Structure formats: C-alpha cells, structure tokens
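# Summary of the model geometry
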Number of protein chains: 2
Amino acid sequence: MAFKRMDERKEKILRATTDEYIASAEPVGSRTIARKYDLGLSPATIRNEMADLEESGYLQQPHTSAGRIPSVLGYRYYVDALMEQRSLTPQEESAVRQEFEDRRRGIDELLVRTSRVLSQLTHYPAMVLAPEMDNAIFRHVQLIPIDPTAIMVLVVSGSGRVEHGVMKLESAISESDIESVSNSLNRALKGRTFSEIKSTLFNQMRSEAIANDCFTEDILRLITNSLRSKNEENMRVDGTINIIEQPEFKEVDKLKPFLSLLSEGSNLPRYLSELTNQSGLQVIIGEENKLPEMTDCSVVTATYDVGGRAMGIIGVLGPTRMEYNRVVTAVEYVAACLNEMLLLFSKE
Amino acid sequence: MAFKRMDERKEKILRATTDEYIASAEPVGSRTIARKYDLGLSPATIRNEMADLEESGYLQQPHTSAGRIPSVLGYRYYVDALMEQRSLTPQEESAVRQEFEDRRRGIDELLVRTSRVLSQLTHYPAMVLAPEMDNAIFRHVQLIPIDPTAIMVLVVSGSGRVEHGVMKLESAISESDIESVSNSLNRALKGRTFSEIKSTLFNQMRSEAIANDCFTEDILRLITNSLRSKNEENMRVDGTINIIEQPEFKEVDKLKPFLSLLSEGSNLPRYLSELTNQSGLQVIIGEENKLPEMTDCSVVTATYDVGGRAMGIIGVLGPTRMEYNRVVTAVEYVAACLNEMLLLFSKE
DNA sequence: CTTAGCACTCTTTTAAAGCGAGTGCTAACA
DNA sequence: TGTTAGCACTCGCTTTAAAAGAGTGCTAAG
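As the structure is a computational prediction, the values presented were derived from the model and not from experiment.

The next subject is the pattern of salt bridges. Scanning all chains against the criterion turns up 32 salt bridges over all chains. Of the charged contacts in the structure, one is a salt bridge between A:Glu323 and A:Arg326, with a shortest N-O distance of 3.2 Å. Note that B:Glu54 is salt-bridged to B:Arg68, the shortest N-O span being 2.7 Å. Of this pair, B:Glu54 sits in helix H3 (residues 43-55) while B:Arg68 sits in the loop between strand E1 (59-60) and strand E2 (69-70); the two residues are 14 residues apart in sequence, bridging distant segments of the chain.

In structure tokens:
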C-alpha cells in the first residue's frame, strides 16, 4: 500500500478535481478549477498538469473534449492521502447517541438501529452484518413445552442473540424429563463456541451417556442447524432508497444491478463476511471490489466485535463517486458507538 | 358493490382491451383487438363500442388519437366479473409446498418464506404483515440471568413468536427469586391476550400482592413495551426488485414513490393492518386506495389467522396494470397454505 | 346495425443544425 | 524553463424541423 508521493501542485489539482467531481457529478475542466479553487494558476497550466495526471493514471477522460474524472487510482490516492478529514456536527453525534440510548433491547434491535442511523447519517444505503453464530459462545438453551408432543427450543448466545425453533416429538415427554435434558445440555455446552459444539462436541456427546436418548440428539441437531441457515440471513440493509438520488442512477438500467446487490439472495453478505478478516476501517473503491457486480460501487466498512470473539461488520455502499470523507467519518463514529454498546452485553 | 351488468359484446371488448393492455402496457386500439381477438367485428364497430365504454367511464384515452386503457372502474369490472380464472401450474404449486415443507422453524421463519414464495410466484413485490401481538395470547415468559445485574427476558406468544429484551437491574437478585417471579408471572398471565395484560391486568396486579416489588413491575412493563414498538415493525417485504421490470417504472421519478412505499417507515404497514378488518381476499385498484401515495398501485391481499384470534395479512403490490388473474390465484393459494401451516402451531 | 373510407390529430422517431464546454498545441512572455 | 494567451478542433448535448405512424371520429354506403 506504499505509494510514491507526487508533486504538491499535482496533489492540489487532483484533490480539487476529485472534490469537484464528487460534488457535481460532472467531468471537471481546467477552467472550473481555475475559477473555483484558488491555486493561482491559469487554466492552461492546470490543463498541462491534468494531462500529466491522466498519463500517470490518476485521472481519465470520458471522451475527448470533456473534463476529467478521477480513476480508481485517483480515488485511492485521494482517500489515502488527500481528502480533508471532516468530523460530525454535534447535532449528528447526538442523533447517533440518541438512537443508541435505549439499553433495554437485545442485540438484534441494536443492529437494526445501527443500520438505520448509518444510512440516515450518510444518505447512502447502509449494511450491518451480524456476527456469525459459529464464533459466538453458547450461553443458554431453554425448552418450553407447547403441547404434549411439541416443544419450543430457544438458544441464547453470548452476544445476546436469540434463535428459536419448534420441535415435534414422536411421543409425549414429561416436564421433569424436559427439565433434566435442559439442565444437562446447559451444563455441557456452556461457554463453548457453536463451532466447537458443531464439530467435536456433537460426536463426543453422542458416545457418552449424556446423549443416549435420541431426544437430546435431536435438540442438538436443531441447535446447530438453526445456526447454519441463519448465517446467510444476518445482513440488514437500510436506506436503500437513498441511492435513487444519486445522478449516476438516473437510468433504471444502472439502478437495477445496484438494487439487486441490496436484495435478498445477493452475494453481498458473503462478501462482507470476507471483509471481516481484516479488522478496522476499510475503503474499497470501484474495481478494487472482488465481486464483478460491484465494479461501479464503493464500500466503506468497519468491523465491530462482540464478546471478544465474534466479529461483525457495518458498511456503507455508494457509487464510486462517493463522499468519502463524510462517509468515513460516519462509519468510524458509528462503529465506535456500537462497540461501546456491545461491551455492555459481553460481560459473560 | 352491486353493478349493472353491461351488454355482452361490450364486456367482450372491455375484457379484450384490459387483457391486451395488461399484457402490452401500451394503449390498445380497435384495430389490434379486431386482429388479435376473434370477435367477428370490424375495427369500426369496435371503435364505436369503445367510444361508448369511454363515455360510461370504463375506458379512457391518454390523448386523442391514442388507443384506450382501462380506467379504475374498468379494472374493477374486469376483476369482479370478467377476468378468466387461472390456476397455478403443478410446478408452481409444488414450489410453494416445498417452501413450506420444513416444519421445524418458528412462525417468523414461516412468514419470511411466505413473502419470498409469494414474490417469486407473482413477480411483484410481496408483503407479509405479522399478526399484531396485541391480539395474541401470552404463552410463556422466561427470565435468563446474564450477569448478576442483568437478565434477559423472553416472551413467547400463542402463535409461537418470540420477543426478547435485556433488563438491567438496580441490585443483584438471586436465582431463586428470579424463578419465583417467573413462576408467578406465568401463572398470572397464561392464556390472556396481550391487550388484556396491557390494559386491565397491569393495574390489577399492581394492587395485588403479586407485584408489590418493582422488579416484577419492570418486567411487566418491558413485556408490554416490547409489543408496542414491534407492531410497527412487523412487515416483511420481498421481491422489491421485481417492479423494476415493469415498464411504468422505466423512469426513476415514477419508481421513487413506489420504492419509498416499500421502505422502512412508510405508511404501508399501518394501511395493511387496517385491511385486516375485512377477512379474505381483497383487490384494491389504483385510486380506490386510501393512501394518496398509492393511487398508481394496486394491491391484492388475503388475511390469514393464527391461533383463532390474531389476524395477519399477506399481499402483493403492483402497478394498476397488474396481472390480476395470476396474482389473485397466487395470493389465494399461498394464504391457504399459510393458514394450513399455522394450524399446526395453534394447538395450545 | 355494420363497415369501408378518409381526413385529422397527436405522439414518436429521425435528421440536421447549432451550441458550448473543453482540449491540445503553438507561440509568446517573464 | 515554466507559464500563459490564443486558437483551431473535437464531440456530446440541445434545439429545431420534418416525417412517420398509429389511431380516432365522422360520413356515407351496404
């Protein structure tokens, strides 16, 4: 990620071009920069510099006789070295704080609020990926009889997520049996991660006496099964509608791939979960994205962690011409708040 | 809702016009009908009849010298009397059945699947409104200690929905105390509806000895509070992306109001919940909708019931030029399947 | 009552012209 | 040697004009 620092004047021009293009969504010409940005240079000089910047790959021209727009490389340089750090206004900060105020809700509600506040703050669609259950720690299982031949199974993880399922029984089972099964399960599983439970423990328990009845075994299977499918459905999106304001999506044909990306069944959740490998803030610009359907987008993400082990990620999706400085600030701040809130849940 | 039956020939022409417009999305002219529909009439005759139909309000012209399109009244007549009933193909039916096959999941998962299958079937966005908790019956409350000063509260309703929240305590509380509070709550609340609990029971318990400690009271408040906010968030939407294929939304300006309708924070959930008053299938066309932002849409809804008391609703949203016959069939079928599935949960 | 014919209307498509923003190059200037 | 003014040229976008096409309403004849 090391880059050669360029000429200071070139930097100024690259920054001006990028700022201007982000603001106007139109290719920007030398004249505009000379007028609006006080560089003390004539359009002709700027033109020469821009030609250089284009040659070295930081700018590009949609067509001859149009202004320049930043290339992916240009945005990269801009994000890494040039852009002006902005901070949130006090109003914005307090809006975030307020959204996070209510502490009585579970983690799911917290994540819902996170996506909401993040999209409101940035005016772009915001995603929140809940941590994979696999890495979470088992806390509690609760069996509630529904009728003589059905019980409801509630599983609580260390981070406070609750999953539930209903189980039909072959034959009736007494309340006290349920209680003893529940107790032994809780004793055996407490403090383990779900992936441990899935891999080793399952077999181990099977061989031991503890799971000699198929009832217990079924419940174990239900627990691990419920996790598998949940992993794919744990992305929340909010503020999708925001992208419609972006000029690059004035035509439905451009809009469609973007919308499908944010719809059910896209590759986005998996992609985000891959990004969880690297912790902290990440900005991924246009074609830097691995997913081919994302070459016209940029994402700004930040990881958060819950219970010290499991890792989730929040992010903002926008056009390549994204207001990086505003978004980076917002994502950082919201991630920090979220982490703070989650600390409250994580005391095991 | 009684309407005068019109001339049989006029009916044929109205049906042909509507069918054709639904299929083509273009105003349809007399010539087209003469050619494609075997009415044994010349374009001129059809023209005369269409002029009549326009005068009586069933058809309208976008402009002079264009073909005709159905008015809301025209669609109404079409839906009520004219359209050909279609049934699902065996493939479609088995796709629905298959989606509903897995019985081990809770009601939430069931509703997720419902919206998914409904949008896949109709190629329009599909909504599912979960039943209001207010009318549901309390089944169980579970208190799980998280740490010495926090407990997790799980509430299970008669229909199998699970809500949860976290509660911070002022001071530590022993496991046995928790258990006794939990027991007395379960005894007192079991079998009541949540609205009863909210209104009468709250005060009643307060005066009785059962709730003389503020701990119990707090939990009661948490239970009722969690319901209130959930009522507004219990709509699921799937297949939003489908509308982008509809020619009426080729321009983003048309698309935007439609998308906001399906986004967070719209009036749609409330509107749907009002529709729950009338049970069974409903087709609401264009300006018949109460919401002003829905004058360009139609909805096809059907109610479902769970546990005999609480009522939910499923629906499909599309442009006024909707494939009513296909959609009506699909909504009816899916609602029937859903009801069937829910019967399994409702045995109290 | 039905239908062929025809003039008329109005939108959509196509073509051409003109505009304007912006560039690249050259030559002059500090 | 770096900077700037000037100018010819490119190319997309907008405007204008013309033509095409679809469909109607009316009239008159069958």
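So, on to the protein's contact with DNA strand D. In the vicinity of DNA strand D there are 18 residues, among which A:Arg9, A:Ser42, A:Thr45, A:Ser65 and B:Ser30 approach most closely. In the interface set of DNA strand D, defined as its atoms within 4 Å of the protein, sugar plus phosphate atoms amount to 77%. Take A:Thr45: an N or O atom from its side chain is 2.4 Å from a phosphate oxygen of DNA strand D. A:Arg47 places a polar side-chain atom, nitrogen or oxygen, 3.3 Å from a base oxygen of DNA strand D. Mapped by element, the contributors of at least two residues to the surface near DNA strand D are helix H3 (43-55) of chain A together with helix H2 (30-36) of chain B.

What follows concerns the sheet that holds strand E6 (residues 162-168) of chain A. In a beta sheet, neighbouring strands pair by backbone hydrogen bonds and run either parallel or antiparallel. Residues and elements named next belong to chain A. Pairing in this open sheet of three strands is antiparallel, and the strands run E4-E5-E6 from one edge to the other. Strands at the two margins of the open sheet, each flanked by one partner only, are strand E4 (138-147) and E6. The sheet shows a mean angle of 20° between the axes of neighbouring strands, taken without regard to direction. As judged from the eight bridges shared by E4 and strand E5 (residues 150-157), these two strands associate in the antiparallel manner. Each residue of the ladder has a partner; that of Gln142, found in E5, is Leu154.

This part takes up a negative patch on the surface. Where like charges cluster on the molecular surface, the negative patch consists of A:Glu175, A:Glu179, B:Glu175 and B:Glu179. Contributions of two or more residues to the negative patch are made by helix H7 (175-189) of chain A together with helix H7 (175-189) of chain B. Checked against the element boundaries, B:Glu175 lands in helix H7. Using a relative accessible area of 61% as the deciding quantity, one classes B:Glu175 as exposed.

A separate point is helix H11 (residues 268-275) of chain A. Residues and elements named next belong to chain A. Taken together, the buried positions of H11 are occupied by Leu268, Pro269, Tyr271, Leu272 and Leu275. Taken around the axis of H11, the buried residues stretch over an arc of 160°, which confines them to a single face. On its buried side, H11 packs onto strand E3 (126-129), strand E7 (235-238), helix H10 (252-261), strand E8 (281-285), strand E9 (297-306) and strand E10 (310-319).

Let us look at the packing of helix H5 (residues 90-99) of chain B against helix H6 (residues 107-122) of chain B. For any two helices packed against each other, the geometry comes down to the angle between their axes and how far apart the axes lie. All names here are of chain B. In contact at an axis separation of 10 Å, H5 and H6 are set at 165° when each is read in the N-to-C sense. Overall, the two elements H5 and H6 adopt an arrangement that is roughly antiparallel. Taken as a pair, H5 and H6 cross one another with a handedness that is right-handed. Residue-level contacts link Glu92, Ala95, Val96 and Glu99 of H5 to Arg113, Arg116, Val117, Gln120 and Leu121 of H6. Broken down by class, the residue content of the contact of H5 with H6 amounts to four nonpolar, one polar and four charged.

With that out of the way, let us pick up the protein's contact with DNA strand C. In the vicinity of DNA strand C lie 18 residues, with A:Ser30, A:Arg68, B:Arg9, B:Thr45 and B:Ser65 positioned nearest. Atoms of DNA strand C within 4 Å of the protein: sugar and phosphate make up 76%, bases the balance. In the environment of DNA strand C, a phosphate oxygen lies 2.6 Å from a nitrogen or oxygen atom belonging to the side chain of B:Arg9. In this structure, B:Ser42 approaches DNA strand C through a main-chain N or O atom, which is 3.2 Å from a phosphate oxygen. Of all the elements in the fold, those that place two or more residues in the surface near DNA strand C are helix H2 (30-36) of chain A together with H3 of chain B. Per-element accounting of the surface near DNA strand C gives the leading share, four residues, to H3(B). Partitioned by chemical class, the residues of the surface near DNA strand C number two nonpolar, twelve polar and four charged.

What counts, and at which threshold
Residues numbered from 1 in each chain as written. Chains lettered and ligands numbered in written order. Predicted model: local features only at pLDDT ≥ 70, side-chain atom pairs only at ≥ 80, totals over all residues. Heavy atoms only, no water. Salt bridge = Lys/Arg side-chain N within 4 Å of Asp/Glu carboxyl O. Helix = DSSP H or I, 4+ residues; strand = E, 2+ residues; numbered from the N terminus. Near = heavy atom within 4 Å. Polar contact = N/O pair within 3.5 Å; in protein donor to acceptor, adjacent residues only side chain to side chain. Pairing = 2+ DSSP bridges. Axes fitted to C-alpha atoms, helices over the stretch in contact; angles between N-to-C directions. Patch = residues over 30% accessible without salt bridge, like charges linked within 9 Å, V, L, I, M, F, W, Y side chains within 5 Å. Areas by Shrake-Rupley, 256 points an atom, 1.4 Å probe, with all protein chains shown as cover. Lys, Arg positive; Asp, Glu negative; His and termini not counted. Charge placed at Lys NZ, Arg CZ, Asp CG, Glu CD. Buried < 20%, exposed > 50% of the residue type's maximum accessible area, 1.4 Å probe, protein only. Arc of directions from axis to C-beta. Contact = heavy atoms within 4.5 Å. Parallel < 35°, antiparallel > 145°, perpendicular 65-115°, else oblique. Left-handed = near helix turned anticlockwise from the far one by under 90°. Nonpolar A, V, L, I, M, F, W, Y, C, P; charged D, E, K, R; others polar.

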